[in-house]
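# Overview (structure and organization)
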Amino acid sequence: MENPIRRVVTGHTNDGTAIFTSDESYETIVIPTGDAAMATIWTTATVPADCNDEIDGRNRDAGTTLKGGSVIRVVDMLPNASSPLHRTNSIDYGIVLSGKIELELDHQVFKTIEAGGIIVQRGTIHQWRNPSSDEICRIVFVLTEAKPYEVNGVALEECMIH
């Protein structure tokens, strides 16, 4: 896998002085589908977030997204791998740190995004594909719950197509 991810978290003392509350490194873990390895860095239970919430956001139970909240996660998309076609009711900011990724939308329309590129994913059905045969693509995703996109007043549903 890629290098470990260092996470530094800040907080406050009882009198309001800013402090560092943790400084740890994490490895990504291969997910059951075998196409990627991930590490959740932090979550919030609500948007706007509550800075008084002392729970370590990494330990909060979150799926791909977190209803009512937000998630930041590092994804190492493995060589020649692709995700299932899916849609989530969220705004996703994807920042490609290394490698390159293909983002495919409906009807096999796709773009290739390389390191330094940023994707704003707005609740569309999509699939991720790493076209490299030997290089991991590392992406940081920040996902925030969003109202579903509507077509003629009907909300498009979340889905996962294998």
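Going by the structure above, here's the rest.
Figured I'd write up the structure that's included with this text. Since this is a predicted model, take the numbers as computed values, not measurements.

## Overview of the pairing of strand β12 (residues 137–145)
Two strands pair when backbone bridges link them, and strand β5 (residues 70–77) and β12 are joined in this way by eight bridges, in the antiparallel orientation. Paired with S70 across the two strands is T144, which belongs to β12. Bridging between strand β7 (residues 90–98) and β12 involves eight bridges; their strand directions are antiparallel. The residue bridging S90 from the neighbouring strand is E145, located in β12.

## So, the sheet that holds strand β11 (residues 127–129)
Read across the sheet, three strands follow the order β9-β8-β11 without closing on themselves; strand pairing throughout is antiparallel. What marks the edges here is a single partner per strand, and that holds for β9 (109–114) and β11. Averaged over all neighbouring strand pairs, the angle between strand axes comes to 25°, with direction disregarded. Pairing of strand β8 (residues 100–105) with β11 involves three bridges; the strand directions are antiparallel. Paired with L103 across the bridge in β11 is W128.

## Details of the sheet that holds strand β3 (residues 29–30)
The pairing of strands in a sheet happens through backbone hydrogen bonds and is either parallel or antiparallel. With antiparallel pairing, the six strands of this open sheet are ordered in space as β3-β4-β5-β12-β7-β10. Whereas interior strands pair on both sides, the edge strands pair on one side only; in this sheet they are β3 and β10 (118–122). Examined bridge by bridge, β3 and strand β4 (residues 36–44) share two bridges and lie antiparallel to one another. Across the sheet, I29 pairs through a bridge with M38, a residue of β4.

## Considerations on unusual backbone geometry
Backbone torsion omega between V47 and P48 reads 0°, so that peptide bond is classified as cis. Assignment of secondary structure puts P48 in the loop between β4 and β5. Although it is not a glycine, Q108 sits at a positive phi angle of roughly 60°. Mapped onto the secondary structure, Q108 falls in the loop between β8 and β9. For Q108, a relative accessible area of 65% gives the class exposed.

## Considering the environment of R129
Residue position: R129 is located in strand β11. The spatial distance from the C-alpha of R129 to the C-alpha of A62 is 23 Å, given a sequence separation of 67 residues. With residues up to four places along the chain from it excluded, the contact list for R129 reads A81, S82, I101, E102 and E104.

## Here we look at the packing of aromatic side chains
Within the structure shown, the criterion is met by one aromatic pair. Over the aromatic face of Y26 sits the side chain of R58, whose NZ or CZ is 3.5 Å from the ring centroid.

Definitions and limits used
- Residues numbered from 1 in each chain as written.
- Predicted model: local features only at pLDDT ≥ 70, side-chain atom pairs only at ≥ 80, totals over all residues.
- Heavy atoms only, no water.
- Pairing = 2+ DSSP bridges.
- Helix = DSSP H or I, 4+ residues; strand = E, 2+ residues; numbered from the N terminus.
- Axes fitted to C-alpha atoms, helices over the stretch in contact; angles between N-to-C directions.
- Buried < 20%, exposed > 50% of the residue type's maximum accessible area, 1.4 Å probe, protein only.
- Contact = heavy atoms within 4.5 Å.
- Phe/Tyr/Trp six-rings, centres within 6.5 Å; stacked < 30°, edge-to-face > 60°.
- Lys NZ or Arg CZ within 6 Å of the ring centre and 35° of its normal.

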